[in-house]
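# A closer look at the structure
Each chain, written out:
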Number of protein chains: 4
Amino acid sequence: MKAARLYEYDPAMNVELAIEEVAAPTIAAPDEVIVKVGAAGLCRTDLHIIEGVWKDIMDTEGNLLPYVMGHENAGWVEDVGSNVTSVKPGDAVICHPFNACGICLSCRYGHDMYCDHGKFPGLGLDGGFAEYFKTNERSIIKLNTGITPLEVAPMADAGITAYRAAKKAAKLLNPGGYVLLLGIGGLGHIALQVLKHTCGARVIAVDREPAAQALARDLGADIVLDGGPNLIEEVKDLTGGGAHVAIDFVGEHGTENLCWRLLRQGGELIMVGYGGEVRVPTLELVANEIKIGGSLVGDFVELVELMEMNADGKVRMHQTEYKLANINQAITDFKDRKFTGRGVIVP
Amino acid sequence: MKAARLYEYDPAMNVELAIEEVAAPTIAAPDEVIVKVGAAGLCRTDLHIIEGVWKDIMDTEGNLLPYVMGHENAGWVEDVGSNVTSVKPGDAVICHPFNACGICLSCRYGHDMYCDHGKFPGLGLDGGFAEYFKTNERSIIKLNTGITPLEVAPMADAGITAYRAAKKAAKLLNPGGYVLLLGIGGLGHIALQVLKHTCGARVIAVDREPAAQALARDLGADIVLDGGPNLIEEVKDLTGGGAHVAIDFVGEHGTENLCWRLLRQGGELIMVGYGGEVRVPTLELVANEIKIGGSLVGDFVELVELMEMNADGKVRMHQTEYKLANINQAITDFKDRKFTGRGVIVP
Amino acid sequence: MKAARLYEYDPAMNVELAIEEVAAPTIAAPDEVIVKVGAAGLCRTDLHIIEGVWKDIMDTEGNLLPYVMGHENAGWVEDVGSNVTSVKPGDAVICHPFNACGICLSCRYGHDMYCDHGKFPGLGLDGGFAEYFKTNERSIIKLNTGITPLEVAPMADAGITAYRAAKKAAKLLNPGGYVLLLGIGGLGHIALQVLKHTCGARVIAVDREPAAQALARDLGADIVLDGGPNLIEEVKDLTGGGAHVAIDFVGEHGTENLCWRLLRQGGELIMVGYGGEVRVPTLELVANEIKIGGSLVGDFVELVELMEMNADGKVRMHQTEYKLANINQAITDFKDRKFTGRGVIVP
Amino acid sequence: MKAARLYEYDPAMNVELAIEEVAAPTIAAPDEVIVKVGAAGLCRTDLHIIEGVWKDIMDTEGNLLPYVMGHENAGWVEDVGSNVTSVKPGDAVICHPFNACGICLSCRYGHDMYCDHGKFPGLGLDGGFAEYFKTNERSIIKLNTGITPLEVAPMADAGITAYRAAKKAAKLLNPGGYVLLLGIGGLGHIALQVLKHTCGARVIAVDREPAAQALARDLGADIVLDGGPNLIEEVKDLTGGGAHVAIDFVGEHGTENLCWRLLRQGGELIMVGYGGEVRVPTLELVANEIKIGGSLVGDFVELVELMEMNADGKVRMHQTEYKLANINQAITDFKDRKFTGRGVIVP
Ligand SMILES: [Zn+2]
Ligand SMILES: [Zn+2]
Ligand SMILES: [Zn+2]
Ligand SMILES: [Zn+2]
Ligand SMILES: [Zn+2]
Ligand SMILES: [Zn+2]
Ligand SMILES: [Zn+2]
Ligand SMILES: [Zn+2]
Ligand SMILES: [Zn+2]
Ligand SMILES: [Zn+2]
């Protein structure tokens with residue numbers, strides 16, 4: 001099969017993936033599933049992998065390369081292991097990115113991402129920038145009738161990360177309240193749509209890019225701000241004291257110490273982006289009784305819920321498509337912010 | 001001032017209210033507020049009062065009549081007691097129907113309707129089918145800019161009763177789930193709008209009346225059913241096993257034993273209407289792990305939240321207006337189901 | 001191996017189980033586990049099975065008998081299938097009674113008992129009244145150091161059913177509140193201990209048997225009542241208006257319509273026992289805003305939590321032991337209420 | 001009456017309070033209550049007031065001094081305003097420290113401490129280091145039969161601050177989980193007792209002082225640590241990966257960056273003490289999905305709940321008593337850590 005493989009890490013990102021012919025994966029264990037890739041989302045994590053940021057975590061012995069990236073995958077079941085009963089070849093599916101074991105206590109509590117024995121195809125083993133890739137039965141969700149893999153692939157990671165944060169936020173909000181989203185990109189625009197349907201609160205969308213601001217308005221943001229130097233004061237004025245909840249999809253370059261300052265008493269900041277360091281006086285935490293918490297990739301059932309919202313027409317992925325042969329162009333465009341929403345690779 | 005007063009109870013409902021001149025209420029305690037009535041919703045409870053159903057509860061000594069009904073009131077502040085600081089004459093307001101004390105433990109837990117010392121203007125003391133009526137500061141909510149008392153009066157009771165049930169339901173629902181509403185009348189059509197904005201689940205609206213079905217469709221119901229004899233089977237088929245939550249706005253004439261049968265395992269029935277008797281085998285409760293619970297009038301903060309949704313254009317009251325002089329006609333039309341949504345009396 | 005087998009259903013319960021030599025179970029699938037039985041709890045469900053109550057559910061084709069009952073099992077791992085990694089032969093374990101699939105959506109939400117494809121060893125297939133029985137890896141919990149199978153076997157079903165109800169109750173209770181337990185038998189005495197450690201509320205224990213009352217006092221019940229004809233009034237007086245939560249472990253013979261009457265406004269009844277029919281006016285549900293819900297066997301993680309409480313010395317099973325050869329005597333004694341707490345069969 | 005008054009702020013704390021005769025407070029508004037002080041807790045906040053830390057907040061115009069500190073008060077009702085109905089002279093009471101208005105939206109949501117119009121006797125106006133002090137009806141809780149003001153006064157602030165944090169923690173914990181308390185002083189020893197009764201989790205108590213460690217053991221701590229340099233590793237080992245919840249009662253001198261490091265994935269830190277600055281990489285927040293949140297003084301209903309636990313013998317205040325005439329000695333002993341638990345001033 002055709003696949004795009006990484007041959008070396010390069011902090012300067014001057015390497016290109018090699019588009020080449022490799023052996024297709026085959027079933028080796030009873031719970032495995034081979035998926036014919038319909039589409040695979042291109043993620044900021046892929047850029048970090050190329051840069052070598054993940055090397056010490058996913059390639060500890062230094063023998064991973066060359067390998068196939070791609071962890072936001074959807075397609076059609078091609079082959080299944082002997083124990084697999086819930087899907088069959090030909091089924092259109094989306095794949096939760098993490099192969100959780102289902103046995104450990106974290107799995108039993110439903111915390112898939114805390115699994116003691118999980119694997120992450122696309123990080124540390126071959127993923128979906130190829131014609132086929134291998135995952136397991138517990139990661140597979142059948143698509144609703146009429147939904148194609150191409151429409152939804154980045155839901156598999158970008159989508160559920162945004163969904164999980166939005167779901168946490170919705171639980172904290174009441175009608176009349178305000179939730180602020182910092183960064184209306186591949187994740188933020190999904191969170192915005194989820195929040196518009198799952199809580200009666202008002203959504204404040206903040207992004208420096210006019211294209212992202214326009215997208216936020218299209219998707220129903222109640223207030224759109226450009227994140228200028230007066231953001232904190234603006235938000236406090238508009239909300240009568242501060243936002244009830246904020247979600248920071250950036251988490252670096254100074255934004256990480258912006259959002260906790262624009263919360264009202266009792267407010268909560270959900271951090272999704274990362275890179276920076278939060279510095280907050282304990283007096284601020286206590287006197288304003290604010291909370292700051294990180295949010296990870298969503299669990300399997302969260303992907304199920306997001307796919308239902310998508311099937312109902314409530315949440316759609318805005319994306320730009322590239323042929324697998326053009327993946328290096330897609331990566332360049334992503335770095336240069338040539339497209340809004342998400343880039344998607346089609347084999 | 002002009003007021004409509006009830007002079008005798010009549011189970012046959014052949015009595016008419018007398019439209020007559022009475023003394024306007026005046027401030028007698030530091031927390032009291034006189035409201036110039038802008039509009040007052042006509043409620044099924046008013047019919048029950050005329051029939052004498054409430055006599056033993058609100059008129060135990062038999063000396064209440066003649067008195068002024070009307071407990072769903074909105075208008076403008078006319079006068080305030082010496083301790084009142086949060087509103088002033090001229091403010092447009094809506095009035096929570098129950099004057100809770102604010103001191104007892106139920107009040108401190110926010111359970112306004114469980115107050116040990118509450119009063120209910122319109123039930124047991126004069127209400128809002130008049131030019132003025134008296135309430136207290138703790139019951140008053142200022143209207144958002146641009147909202148008129150006439151647009152929202154029935155929110156004060158019909159609205160928040162529906163809102164409270166819908167809010168309970170929303171907490172139990174996830175995207176992909178199903179909530180069934182039985183009865184799309186004055187309460188049900190509000191619950192429908194609230195649910196469409198506060199959870200990602202699908203709404204099944206059930207009503208025998210074609211006009212109510214049409215209203216449900218207009219308001220975005222995902223599925224509309226006529227509640228025929230196969231309702232339970234229909235719902236189980238459509239939902240793949242039963243509804244996750246049902247709200248019964250009827251609660252009598254047999255509906256009270258319909259909704260728990262159409263729940264899926266782990267489902268919950270919220271009962272708002274009343275009159276009938278639920279009969280459910282304990283084996284059904286346990287084996288299907290279903291729950292059946294009643295829901296009362298909403299608390300003060302729930303009216304605040306509903307008014308915010310209304311100000312945001314998310315929830316609107318569908319209503320028919322009658323002059324105070326024509327209140328007897330309104331009552332007759334209500335009994336004969338001549339209008340959909342809610343009837344409203346305008347002084 | 002030695003096993004006790006049922007050869008015919010008998011509503012009069014005059015049949016005896018046959019103690020006989022049968023083939024021991026063997027591994028036939030990669031996720032299976034053979035357990036050498038250390039002890040197996042005797043359950044009211046076993047009596048119902050003998051009576052034929054479960055025949056239409058678990059023996060639809062009428063070809064189950066003879067078979068081995070026993071669904072509350074603990075022991076030592078004897079053999080494991082090829083995929084099993086979390087336990088190994090020799091490990092002391094307790095077995096969740098239900099073999100849930102781990103794949104269906106109910107399983108993914110953690111609702112083990114709602115699994116679309118589950119099996120229940122001891123009901124419909126051979127169980128633990130034998131020297132060995134077969135279950136699957138997902139049902140197995142390793143015992144904490146120093147805990148023996150004999151001490152805990154009935155935790156596997158009686159224990160977690162009580163635990164689940166108590167956990168639901170604890171979430172509804174605050175210090176100063178009251179929770180009433182109706183029936184201090186094999187389940188009730190576990191719920192009592194759980195509640196004493198997991199909420200600050202007061203526990204009212206109700207049982208007609210003096211021995212059960214004494215046990216309740218030993219275990220720290222704040223108030224012990226005999227359930228006489230004035231129970232509702234007694235409870236309302238003692239609690240200043242009614243219990244906040246009640247758990248009915250009987251659910252028949254009239255108790256099923258007792259507990260909802262002794263709740264305060266906003267109170268909740270959790271039904272665990274079954275047999276009777278709840279009859280409650282919708283007006284009572286609504287005006288008092290009470291809730292009535294069934295509770296099933298606990299999930300896997302609830303058994304994990306209960307075993308932790310047991311390991312910490314917070315919850316202990318009160319039981320009487322019988323040799324497997326004397327299982328018919330145990331059944332007779334159970335019917336005649338010759339012991340308090342739980343009966344346990346030891347191979 | 002006799003009162004202790006502060007005449008000047010002094011960062012070096014070399015000033016003494018003047019014990020002198022002043023006019024007793026009198027009723028000036030219908031909701032006021034005069035309390036004959038039975039006891040008043042001495043708080044770290046009182047030291048900070050003397051140091052001048054609160055000057056800019058509570059004495060903005062610089063005309064407060066001389067004034068009476070003391071915000072942790074219990075005693076007997078001496079006189080009441082004309083609207084007060086829930087208590088009468090002679091009633092033994094404890095006083096929530098904050099006079100919330102009961103009208104603003106924060107109050108209606110039950111967030112007493114977020115009130116837009118609150119007053120805090122003892123901070124900014126005269127408090128309870130005197131024979132009498134003035135508060136309002138909404139702050140008053142009648143003591144349970146047999147409870148004396150002297151036994152409970154510091155519950156009014158130290159107690160409920162600890163209770164609120166412990167209640168938040170209990171909601172996050174399951175049996176088998178671990179909660180770590182950093183600092184077993186006036187607040188920590190209350191939190192420990194609350195947690196032992198309201199969740200089935202294990203309590204790890206950390207304090208450098210042997211006397212505090214001994215108190216923790218007496219009160220049932222499952223594990224007691226001295227907070228040495230290996231604390232993080234010790235905790236990770238003992239808990240198999242980290243604490244599920246930690247409460248930091250210190251919040252300065254470096255502890256503020258200790259507790260988030262000893263949490264397990266999904267864990268939460270509740271910050272009660274203050275003074276330092278939290279510095280946490282966003283990557284830590286996200287990858288471990290941990291949360292850090294401040295916790296304020298408890299609400300009125302939380303004081304009610306704590307008093308119920310106290311009446312039930314579940315939570316007791318460990319304290320050392322001083323006569324009002326010796327309040328300067330008490331302050332000195334507090335600074336020098338001459339007593340464990342709480343110091344209490346008795347008029
Ligand atoms: Zn990704
Ligand atoms: Zn796992
Ligand atoms: Zn009404
Ligand atoms: Zn009240
Ligand atoms: Zn059982
Ligand atoms: Zn399953
Ligand atoms: Zn039975
Ligand atoms: Zn204090
Ligand atoms: Zn307030
Ligand atoms: Zn300090």
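What you are looking at is a predicted structure, and each value in this text was computed from that prediction instead of being measured.

## Side note on the coordination of the zinc ion (ligand 5)
Residues and elements named next belong to chain C. With distances of 1.7 to 2.3 Å, the protein atoms coordinating the zinc ion (ligand 5) are Cys-43 (SG), His-71 (NE2), Glu-72 (OE) and Asp-157 (OD). Donor residues for the zinc ion (ligand 5), ordered by position in the chain, follow C-x27-H-E-x84-D. Taken together, the residues span a long stretch of sequence, with Cys-43 in the loop between β3 (32-42) and α1 (44-51) and Glu-72 in the loop between β4 (67-68) and β5 (73-80) at a distance of 29 residues. The exposure class of Cys-43 is buried, given its relative accessible area of 6%.

## What to know about the coordination of the zinc ion (ligand 1)
Six octahedral donors around a metal ideally make angles of 90 or 180 degrees; four tetrahedral donors ideally make 109.5 degrees. Residue and element names in this part refer to chain A. Taken together, Cys-43 (SG), His-71 (NE2), Glu-72 (OE) and Asp-157 (OD) make up the full set of protein donors to the zinc ion (ligand 1), lying 1.8 to 2.3 Å away. Relative to the metal, the four donor atoms surrounding the zinc ion (ligand 1) lie at angles of 94 to 133°, and the coordination shape comes out tetrahedral. Counting along the primary sequence, the residues that act as donors to the zinc ion (ligand 1) give the motif C-x27-H-E-x84-D. Here Cys-43, found in the loop between β3 (32-42) and α1 (44-51), pairs with His-71, found in the loop between β4 (67-68) and β5 (73-80); they are 28 residues apart in sequence, far enough to count as distant. Note on His-71: relative accessible area 2%, which makes it buried.

## A short note on the interface of chain D and chain B
The figure often quoted for interface size is the accessible area lost as the parts come together. Contacts between chain D and chain B engage 15 residues on the former and 15 residues on the latter. Between chain D and chain B lies a buried interface of about 1400 Å² when both sides are counted; carbon and sulfur atoms form 57% of it. Counting the surface chain D buries against chain B, the share from its top three residues, D:Ile103, D:Arg108 and D:Arg138, is 44%. If you look at where chain D meets chain B, you find two salt bridges. For D:Arg108, the salt bridge identified is with B:Asp112, shortest N-O distance 3.5 Å. Along the contact surface separating chain D from chain B lie four residue pairs in polar contact (both at pLDDT 80 or more).

## Examining helix α11 (residues 327-335) of chain A
Residue and element names in this part refer to chain A. Turning to α11, its buried residues number three or more, namely Ile-327, Asn-328, Ala-330, Ile-331, Asp-333 and Phe-334. Here the buried face of α11 lies against β1 (2-6), β2 (18-21), β3, α1, β18 (319-323) and β19 (342-346). Phi turns positive one or two residues past the end of α11, at Arg-337, with a value near 50°.

## Focus on helix α7 (residues 210-218) of chain A
All names here are of chain A. Among all positions of α7, only Ala-212, Gln-213, Leu-215 and Ala-216 are buried. The buried residues of α7 occupy an angular sector of 160° when projected down its axis, which confines them to one face. Turned more than 90 degrees from where α7 packs its buried face, Pro-210 and Asp-218 sit exposed. Residues of α7 that are buried sit in contact with α6 (188-198), β12 (202-206) and β13 (223-225).

## Looking at the sheet that holds β13(A)
Strands in a sheet are paired, the pairing made by backbone hydrogen bonds, and the direction either parallel or antiparallel. The strand order across the open sheet formed by twelve strands is β13(A)-β12(A)-β11(A)-β14(A)-β15(A)-β17(A)-β17(D)-β15(D)-β14(D)-β11(D)-β12(D)-β13(D), and the pairing between neighbours is mixed. On the outer flanks of this sheet lie β13 of chain A together with β13 (223-225) of chain D, each paired with one strand and no other. Each neighbouring strand pair of the sheet contributes to a mean axis angle of 15°, computed without reference to strand direction. Where strand β11 (residues 178-182) of chain A and strand β14 (residues 243-248) of chain A come together, four bridges link them in parallel fashion. Across the sheet, A:Val179 pairs through a bridge with A:Val245, a residue of β14(A). Sheet contacts for helix α8 (residues 231-239) of chain A: β11, β12, β13, β14 and β15 (263-271) of chain A; angle to β13(A), the most-contacted strand, approximately 165°.

## With respect to the relation of the copies chain D and chain B
Mapping between the two copies of the chain is achieved by a rotation about an axis and a shift along the axis. It takes a turn of 180° to lay chain D on chain B, together with a shift of 0.0 Å along the axis; the resulting RMSD is 0.0 Å. Here the symmetry operator amounts to a two-fold rotation axis. When C-alpha distances to the rotation axis are compared across chain D, the minimum falls at D:Gly110, with a value of 3.1 Å. Residue by residue, 100% of the interface of chain D is reproduced at the interface of chain B, so both copies engage with the same surface.

## Regarding unusual backbone geometry
Residues and elements named next belong to chain B. Note the cis peptide between Leu-65 and Pro-66, where omega equals -5°. For Pro-66, the location among the structural elements is in the loop between α2 (55-58) and β4 (67-68). Residue Arg-337 is not a glycine yet carries a positive backbone phi of 50°. By the element assignment, Arg-337 lies in the loop between α11 (327-335) and β19 (342-346).

## Quick word on the environment of D:Asp157
Residue and element names in this part refer to chain D. Tracing the backbone shows Asp-157 in the loop between α4 (149-152) and α5 (158-172). Separated by 141 residues in the primary sequence, Asp-157 and Gly-298 place their C-alpha atoms 7.7 Å from one another. Setting aside chain neighbours within four positions, we find Asp-157 in contact with Cys-43, His-71, Glu-72, Pro-97 and Val-297.

## Focus: the interface of chain C and chain B
Contacts between the two partners involve 35 residues from chain C and, on the opposite side, 35 residues from chain B. Both faces considered, chain C and chain B share a buried interface measuring about 2700 Å² in area, 55% of it formed by carbon and sulfur atoms. By the criterion of area lost to chain B, the three top residues of chain C are C:Thr282, C:Val286 and C:Glu289, representing 24% of everything that side buries. Our count for the chain C to chain B interface comes out at six salt bridges. A salt bridge links C:Lys291 to B:Glu268; the shortest N-O distance between them is 3.3 Å. Where chain C packs against chain B, one counts 21 residue pairs in polar contact (both at pLDDT 80 or more). Counting only elements with at least two residues in the side of chain C that touches chain B, the list comes to α5 (158-172), β15 (263-271), β16 (277-281), α9 (282-287) and β17 (291-294) of chain C. Tallied by class, the residues present in the side of chain C that touches chain B amount to 16 nonpolar, eleven polar and eight charged. Bridge count between strand β17 (residues 291-294) of chain B and β17(C): three bridges; the pairing is antiparallel.

## Observations concerning the domain arrangement of chain A
Residue and element names in this part refer to chain A. Looking at the assigned domains, one finds that chain A contains domain 1 (2-157 + 298-346) and domain 2 (159-294). A C-alpha centroid distance of 28 Å is found between domain 1 and domain 2. Every contact between the two is made by 24 residues of domain 1 and, on the other side, 18 residues of domain 2. Across the domain 1/domain 2 interface, buried area totals approximately 1800 Å², and carbon plus sulfur atoms make up 60% of it. At the boundary of domain 1 and domain 2, one finds three salt bridges. Linking Lys-167 and Glu-305 is a salt bridge whose minimum nitrogen-to-oxygen distance equals 2.8 Å. Counting across the domain 1 and domain 2 interface gives twelve residue pairs in polar contact (both at pLDDT 80 or more). With five residues, helix α10 (residues 300-311) is the largest single contributor of residues to the side of domain 1 that touches domain 2. Looking at the side of domain 1 that touches domain 2, its residues break down into eleven nonpolar, six polar and seven charged.

So, how was this worked out
Residues numbered from 1 in each chain as written. Chains lettered and ligands numbered in written order. Predicted model: local features only at pLDDT ≥ 70, side-chain atom pairs only at ≥ 80, totals over all residues. Heavy atoms only, no water. Donors = N, O, S within 2.8 Å, 3.2 Å for Na, K, Ca; no water. Helix = DSSP H or I, 4+ residues; strand = E, 2+ residues; numbered from the N terminus. Buried < 20%, exposed > 50% of the residue type's maximum accessible area, 1.4 Å probe, protein only. Tetrahedral: all angles 85-135°; square planar, octahedral: opposite > 155°, others 65-115°. Contact = heavy atoms within 4.5 Å. Buried area = accessible area lost by both parts, 1.4 Å probe. Salt bridge = Lys/Arg side-chain N within 4 Å of Asp/Glu carboxyl O. Polar contact = N/O pair within 3.5 Å; in protein donor to acceptor, adjacent residues only side chain to side chain. Arc of directions from axis to C-beta. Pairing = 2+ DSSP bridges. Axes fitted to C-alpha atoms, helices over the stretch in contact; angles between N-to-C directions. Least-squares fit on C-alpha atoms with pLDDT ≥ 70 in both. Nonpolar A, V, L, I, M, F, W, Y, C, P; charged D, E, K, R; others polar. Domains from an automatic or database assignment.

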